[in-house]
Each structure stands twice: as C-alpha cells, then as structure tokens.
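Architecture at a glance
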Amino acid sequence: MEPKTLTQVTCFHCGDACAEEHRVHDGKDFCCHGCEVVYDLLNEAGLCEYYALEKQPGVKQEVSADEHRLELFELPEIRERVVEFAEGGITRVRFRIPQMHCSSCIWLLENLDRVEPAVIRSRVSFTDKELTITFREEQLSLQGLVKLLRRIGYGPQLTAGDGRERTDRVPRMLYIRLGVAGFIFGNTMLFSFPEYLGADGEANLREGFQWLSALFSVPVVFFLSTDYFRAAWAGLRSRQINIDQPIALGIVALWLRSLHDVLSGTGPGYFDSLAGLLFFLLVGKWYQAHTYRALRFDRALEDFLPLIVMRKRGEAEETARVADLVPGDRILIRDQELVPVDAILRVGEAHIDNSFITGEPLPIRKSAGDTIKAGGRQRGGLIELEVLRSFGDSRLKQLWAEQAQGGSRPAMPRMIDQVARRFTLAVLLTALGAGLYWWGKDPAQVWPIVTAVLIVACPCALALSMPFAYGHTIRLLGKRGLFLRDAEVVERMAHVDTVLFDKTGTLTAREAHETRWCGEPLTARDRQWVHALARNSAHPLSAVLAGELHRAADDSLPCAEVEETAGQGIAGLVGGMPVRIGSATFCGGGEAPRSNGEAHVHITIGGTHRGHFAIRKRARTGIANAVTRLRERLHVGLVTGDAQLDSELAASFVGAEVRTRCSPVDKTECVRASQQSGHRVLMVGDGLNDAGALAQSDVGITVTETTAALTPASDAILDAGALHDLPGFLHMTRRARRIVIASLFISLCYNITGVSLAVAGMMTPLIAAILMPLSSVSVVAFVSVAVGIGARSSFRD
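Described in the following lines is the structure provided in the data block. Computed from a prediction, not measured in an experiment: that's the story for all the values here.

Here's the deal with the overall build of the chain
Along the backbone of the chain there are 27 helices and 28 strands. Relative to its full complement of 797 residues, the chain shows a buried share of 50%. Expressed as a percentage of contacts within the chain between residues at least 6 apart in sequence, the contacts between residues at least 24 apart total 67%.

Structural notes on a nonpolar patch on the surface
Side chains of Phe745, Ile746 and Phe782 sit close together on the surface and give an oily, nonpolar patch of about 280 Å² of accessible area. Here Ile746 lies in helix 26 (residues 726–759). With relative accessibility at 38%, the residue Ile746 sits in the partly exposed group.

Considerations on the packing of helix 22 (residues 623–631) against helix 26
The geometry of helix 22 relative to helix 26 is characterised by a closest axis approach of 8 Å and an angle of 35° between their N-to-C directions. Contact residues: helix 22 offers Ala626, Arg629 and Leu630, while helix 26 offers Leu726, Pro727, Gly728 and Leu730. A class-by-class count of the residues in the contact of helix 22 with helix 26 yields 5 nonpolar, 1 polar and 1 charged.

Focus: the nonpolar core
Soluble globular proteins tend to bury their nonpolar side chains together. Among the nonpolar cores identified, the biggest contains 52 residues, and Phe501 and Leu726 are the most heavily contacted of them. Ranked by residues supplied to this core, first place goes to helix 26 with 8 residues. Sequence-distant contacts of Leu726, defined by excluding residues within four places in its chain, comprise Val499, Phe501, Leu630, Leu682, Val684 and Ile701. Counting residues in each nonpolar core, the second largest holds 43 residues, with Ile251, Ala431, Ala452 and Ala758 among its members.

Overview of the pairing of strand 4 (residues 90–96)
Strand 4 sits mainly inside the fold: 7 of its 7 residues count as buried. Here strand 4 shows two buried faces, one formed by Ile90, Arg92, Arg94 and Arg96 and the other by Thr91, Val93 and Phe95. As paired elements, strand 3 (residues 83–87) and strand 4 share 4 bridges and run antiparallel to each other. The partner of Ala86 across the bridge, within strand 4, is Thr91. In this antiparallel pair of consecutive strands, strand 3 and strand 4, the connection spans 2 residues, and Gly88 shows a positive phi of 60°. Pairing between strand 4 and strand 6 (residues 130–136): 7 bridges, direction antiparallel. Opposite Phe95, over in strand 6, you have Leu131 as the bridge partner.

A word on the sheet that holds strand 24 (residues 635–639)
Taken together, the 7 strands give an open sheet; going across it, the order is 16-28-27-26-17-24-25, and neighbouring strands pair in mixed fashion. Edge positions in the sheet fall to strand 16 (482–484) and strand 25 (657–659), since each has one partner strand and no second. The average angle at which neighbouring strand axes cross in this sheet is 20°, direction not considered. Alignment of strand 17 (residues 498–502) against strand 26 (residues 681–685), held across 4 bridges, turns out to be parallel. Within the sheet, the bridge partner assigned to Val499 lies in strand 26 and is Leu682.

What about the side chain of Arg311?
Within the secondary structure, Arg311 is located in strand 7 (residues 308–313). A polar contact of 3.4 Å, which involves the side chain of Arg311, links it to the side chain of Asp329.

Remarks on the pattern of salt bridges
Counting across every chain of the model gives 21 salt bridges. Of the charged contacts, one joins Asp227 and Arg230 as a salt bridge, the two residues approaching to 3.3 Å between their closest N and O atoms. Taken together, the positions of Asp227 and Arg230, both in helix 10 (residues 226–237) and 3 residues apart, correspond to about one turn of that helix. Overall, the relative accessible area of 32% leaves Asp227 in the partly exposed class. Judged by relative accessible area, which is 55%, Arg230 ranks as exposed.

Comments concerning the sheet that holds strand 12 (residues 363–366)
Strand order in this open sheet of 3 strands is 12-11-14, and the pairing throughout is antiparallel. Of all the strands in the sheet, the pair left with one neighbour each is strand 12 and strand 14 (377–378). In this structure, strand 11 (residues 350–353) lies alongside strand 14, joined through 2 bridges in antiparallel fashion. Residue pairing in the sheet places Asp353 in a bridge with Arg377 of strand 14.

Comments concerning the side chain of His472
With respect to the helices and strands, His472 occurs in helix 17 (residues 460–479). A polar side-chain atom of His472 sits 3.1 Å from a polar atom in the side chain of Ser784.

What about unusual backbone geometry?
Despite not being glycine, Glu561 shows a phi value in the positive range, around 50°. Following the sequence through the fold, Glu561 ends up in strand 19 (residues 559–565). By relative accessible area, Glu561 is classed as exposed at 65%.

Quick look at helix 16 (residues 446–456)
With respect to burial, helix 16 is a largely interior element, 10 of its 11 residues being buried. Every buried residue belonging to helix 16 is among Val446, Pro448, Ile449, Val450, Thr451, Ala452, Val453, Leu454, Ile455 and Val456, and all of these are buried.

Here we look at the environment of Glu317
The topology assignment puts Glu317 in strand 8 (residues 316–321). The class of Glu317 is partly exposed, set by a relative accessible area of 38%. Considered as a pair, Glu317 and Ile331 are 14 residues apart in the sequence and their alpha carbons are 8.8 Å apart.

Some words on the packing of aromatic side chains
With the rule as written, the count across this model stands at 8 aromatic pairs. When the centroid spacing of 5.7 Å and the interplanar angle of 25° are considered together, the rings of Phe185 and Phe279 count as stacked. One end of the pair, Phe185, is in helix 7 (residues 172–191); the other, Phe279, is in helix 12 (residues 271–294), and 94 residues separate them in sequence. The exposure class of Phe185 is buried, given its relative accessible area of 15%.

A closer look at the packing of helix 19 (residues 524–534) against helix 20 (residues 540–548)
It is the contact of helix 19 with helix 20, at a shortest axis distance of 8 Å, that shows an interaxial angle of 140°. One way to sum up the angle between helix 19 and helix 20 is to call them oblique. Once helix 19 is placed against helix 20, the crossing between them reads as left-handed. For the pair helix 19 and helix 20, contact is made by Val530, His531 and Ala534 and by Ser542, Leu545 and Ala546, respectively. Class assignment of the residues belonging to the contact of helix 19 with helix 20 gives a composition of 4 nonpolar, 2 polar and no charged.

Definitions and cut-offs
Residues numbered from 1 in each chain as written. Predicted model: local features only at pLDDT ≥ 70, side-chain atom pairs only at ≥ 80, totals over all residues. Heavy atoms only, no water. Helix = DSSP H or I, 4+ residues; strand = E, 2+ residues; numbered from the N terminus. Buried < 20%, exposed > 50% of the residue type's maximum accessible area, 1.4 Å probe, protein only. Contact = heavy atoms within 4.5 Å. Patch = residues over 30% accessible without salt bridge, like charges linked within 9 Å, V, L, I, M, F, W, Y side chains within 5 Å. Areas by Shrake-Rupley, 256 points an atom, 1.4 Å probe, with all protein chains shown as cover. Salt bridge = Lys/Arg side-chain N within 4 Å of Asp/Glu carboxyl O. Axes fitted to C-alpha atoms, helices over the stretch in contact; angles between N-to-C directions. Nonpolar A, V, L, I, M, F, W, Y, C, P; charged D, E, K, R; others polar. Core = buried A, V, L, I, M, F, W, Y, C linked by side-chain atoms within 4.5 Å. Pairing = 2+ DSSP bridges. Polar contact = N/O pair within 3.5 Å; in protein donor to acceptor, adjacent residues only side chain to side chain. Phe/Tyr/Trp six-rings, centres within 6.5 Å; stacked < 30°, edge-to-face > 60°. Parallel < 35°, antiparallel > 145°, perpendicular 65-115°, else oblique. Left-handed = near helix turned anticlockwise from the far one by under 90°.

Laid out in structure tokens, this is it:
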C-alpha cells in the first residue's frame, strides 16, 4: 500500500496535521504517540462514542513545566485548594480544565468512571471550565487521578487563589486592545485625508500614506483580531459553525483586498474601514460586557435561598435563614435535615449521609469535635453544631445543581441552538451570493459588501435571548420566594398543565390550630419522653408535639437509636425507655374516628400504646384563593396520607382529584399515572414523605420551613410564606417563554433587514460594525425590561 501524503492527513484524535511523527494504528491516523495512547485508553474502556459526538474532538497532549511534578498535588496547600471533601476513603475534588471545548469533552469527562473504576462520579461546569470528581482515594491517589486526566489530554490547571477567574469585571486586555484600535483608527483616518480631499498633485504623499496605512493594518489583523481568529478556528476544528467565523472571514477578505490594491497600485484599499471595523467591534464588546454586568441575573442567588434552620441562643431556640448564619452560631439539626454550612459537632451523636456530596449513601458516624461538611444529611437523633463558615462559602447551591437528572433538553434550547447554527450558515451563503452578484455588476464593491454582510448579521441575539429571559425570571422569582435549580426549570414550568399538592406541611401551616390528647393521662415524665423524641424529627406533626410539650422539656434526657420511617413515624430510646411516635400501625394502636380533617399522632411508651394526639391544622394563608386561581387554567389535585380533609381545604378541592391515605409510594404512582395520561405534572410537597413523587414529576417544588427541603428530588424550593403566589409564579414562567419567542422574532427581523441593506450596497462595513453589537444589546435590553414588566403584571392582584 502506498503511504498517504502527509499534508492530506489529519489526526483521528485531535485533528492536527500529521507530520514527522505520523503513525497509523488500528486503521487510523495519529499525529503523535500521545494521541495514539489516548485512543487506546478510550478504546479499552469502550468509550469510542467520544469520537461519534464530534469529529476529531480530542485535545493534543502538551508537556507543561510541571508535567512530571505530580507530587505538587500532595502538598497540603495544594490539596486544600482542590479538595472539597475527604471522609471515609471518599474524596471530592474540583479542578479547572481550560482544555474542554465541545460536547465530546463534556461526555468524556462525565464518564471517567468507565475509564477508572475508582471514580464514583464526575460532573462538568462548562461555563466555568471546572470538573468535579468524587473518587475512592484508597484505590486511586490524587496524583494518580491527575495523571489519568493528563493522559487523556485534560490536565488540571493550577492557578493562584481558588483557581477561578473573576467574571465580574471587563478584562484588562480588552482595554489595551481598545486603546490600540482607537490609536490606529485615528491615524489611519488621517492618512486617508489625501484620498478624501482629492489631492491629485501629491502622488508621492498619497502613496506614502497608503503604505503607512498598510503598515498600521498589521497589528489590526495580528493583534486586535486574534480573538476572532481563535474562536473561528476552534469552531472549524470541532466542525461547528459559530458567529466568529463570518467576522474573521470578513476581516481577512477586507485586509487582503486592501493589500492587493496598494501592491498593484490600483487604489488605496480599505485600511481605514478595517481599522474602524475592529475599533467599533471592540467598543461593542466592551459595551456588551458592561451592559451584561449591569443586567447579571446570577449574582448573590444564595441570598434568595429560603432555607430555615433552628439557631440556639443560650437556652432559647429560634428560626433563622441559613444566609444569616455566621461563624460561632449554634444550630440544631434533626433527622433527615441537611447540614447547610461547614460546622463542628458539639452535642449529640451524628450519623451523616454524604450522598448529597459523594453519591454514596453510607452514613458515617461522627462524635463531638468532628467536622461536618455542608451537604451532609443527619440520619438519627438531634445534634447541635457550631458554624465554621458562612453559607456563602459552603457551595451548597452548586451541590444541589449537580443533582439535576440527565435527560433530553427542553425544546426551546434545542430550537435556539439549531436556529443560530443554521443562521450563520445562511449568512455565509448569502455573502457568497452577494459577492458573485456584485462581481459582475461592480467589482470594486465586492469586498466592502461581502464584509458588511458578514459583519452585520448577528445570531448572538438569538443565543442570548433565552439565557437572559430565563435568568432574569429566576432572579425575580427568587426575590419573591421561589428558588429554581437552573434556567431549564423555567421552561418546564411553562409547560405544566397539572398541579398536585401534598397536604401536611405543604398546604397546612406548621403551627397547630388545636391539639388535644385522647387516651389515658400522661404523666410529666411521659410528656418529657415524648417531647425529647419528637424534637428529633423534622416532620410537621412532630414539630407540633415538640411545641405543645415544650414546657415539660428536659434537655438532659439522652436519645439513642433514633430511627424515622417515612410515612410511619419515629422511634428511639429516651433515657433508656423505648418510645414510638407515629401512625396507629407504627405504634400498635387501633384507628380512632376522625373529624374535620384531624391528624392522629399515636404514642407508645415502654411497648404500651397510650393513646393519640388529635391535631387540627389551619390551611396556610391565601391557599384557598390560590387553588381557585390555579383551577381556572390547570388540573389540580391533592394526595395526602391523612384519612380525610378539613372543611376549609375540602371546599377548595371540590370536584378535583383527591386521594387520601396515600403512602409515599402511592404518591409517586399518582404522579406517574397522570403523566401516562399525557399531562405535565408539577408536584408541590415538603420533601419528607413525598421525595419519590417530587422526583417522578416534571417539576418538583418543595415548600420549605427547614433544610430538609433541599433534596436531590426538588427542582425548586418555595418559601412557605409565598405558597399563595404559586399561580403568579406559573404565569410568569409562561410569560417568560412568550418573551423569548418575541425576542427571537425581533432578532430575525433585524438580521433580515440588515443583511438586505448590506446586499443592496446600502451599508458600509463601518456601519455594520456599529450595528452588530447594538443589536445584541437591544435584544437583551428588551428581554430584561419585558420580564420586569411581566413580573409586575403576574403578581398584580
């Protein structure tokens, strides 16, 4: 077989040209030994789908200054920067990976567990170029993990500080480029004065200025334009079309035509237009950066997170927002509740389930003095913690975002991606057609018109409309008490046509309206035992008992072997005495008649059923009106473990689907049955006995009065005091989707008009460079204003 011509062969892995090190392996061409090794590694792990997602997606291995200094990652100061969690042989690290550039990179990095069995889970934040990996360090050292990443071409980058670049300011290099562009543009305009003034008698002067303009154009192309060239080349390497490609093509076309004119003596070229083009493109980039910074929707989102925790002040206990916690505060965490901040265990025995952090559900026993990381969930009795770091430093929000279940993307992002990609292709074809047309009509106008067409068309507005519309919606909803996991939840909420509610802890207030004891009288010691066990549970009915019996409290009573069963009750040893609180079945008692939606909480002490507390709870303020408004547009239902509803709630759900005596499994099946009937279901619960239903639903919202609400099953967290605004929240998401569609229409109208004028020769490249960034800013401004107006109308009484 004759060898292939090297200049015609590209690497199967990275796409670079195969030169001196060209090698053929497994019927494929590789440019170096490194790319061949990575291919073998992926092939052995069954990960060759990596190459099917993108053409030649790999990153060529390059040896850095610290390539062989893996011991750096064992230094305490380096470990402290990259390791977020390390307990029980499981470690979670966060690396900065600047090499990731396409969907294949994301796919490979999120499937590292198939390359290395010691990896439990890996997640990518593409916008931050960050990779989070949870792995078993007893099987794979941190050095070994870094070596693995380097082998596949994604070696982590160590930078100063925490390794994250600041994105809240305009890059300094942009100001330098802007200054250089302004200087060159001004001088090139001066050099063009002889042409403008028609100084025919000064031929030498005109020719000298033309050569000076050509000289000044060199930094315009090779310094000011480099970002556009890099982005265009990156798109070509990954076989993707992006907005920078027509811009880069226009710059090159204008420069080459100008050089041709000067070298051939046929004209002065378009160096002034080229310099002006780059100047105004950079001005537009600076203006966009400042505008987007002013309109940022993602800043301080943690301030909106409506999580509540019990804070201890002396002997008193009070509720506090997790965002208000400061180092030194003492907080109480009950069974099933999440530890919201890094803290030290001071009182009690903790059994911490770190599955929220690591994905491994095995609880780890903690003793007084041990440190507990934010994101751990207590499984057992009440514990008292001392806050080490504030909530803003806990990364709890990022942990929650990583729990998002994989699945197909909503239709709107897919549609926008396709429109933007095809639009850029259409612009390139239109520029080619315009060039051919003007070549036959007026060759002198070909390059200015082609450049104007390439520059004025801007699909950026298409790509920005949805993130800004949904991002501002998230911010405004957060201010009103609804905190969404991510922007895609907005679109899924906009498609909801069915709302299912849980009752206890969701529609009813946490405080009891009336509590009475039914059974043989309880002694003071009995009440102390019941209180001591009830305060270990986050369930709303347990909270009622703890509040009812707080006068009988004896904090010296130790609780041991505390175990709570979802939908049943809680049991444990209180001062050595076995106590059970919960349903009749759980406590070994008989069902008693109920009236007006009462909830019965049975008590068993020392193996003897003693009776039950009958608890009546009021519906939350405004619930009746909210349910009525929802039923005007949507299907509304109720699933509850109670045997009946009280009269207030029953009146609101007359004619609606109401299911009583539902176990947690029954609630999940109810959601699934509704989905199988073709409905998009929103489930609203408290996150305790309905986690399965929340996970099954299209959108799961937990109503929060504790940190138990932050569960992997929830897509959103709703402040209990804002539940009556649920109709407004849903109306706002639907309005946001309509605003996105309207902004797409506006952007397409602008582009069609601009391209038409450019093709007709009625627009210069300079004007096109001014209009392009203005189009993006105008669409973003429209979206921001429209969402703000929509928010006010959605919540108008």
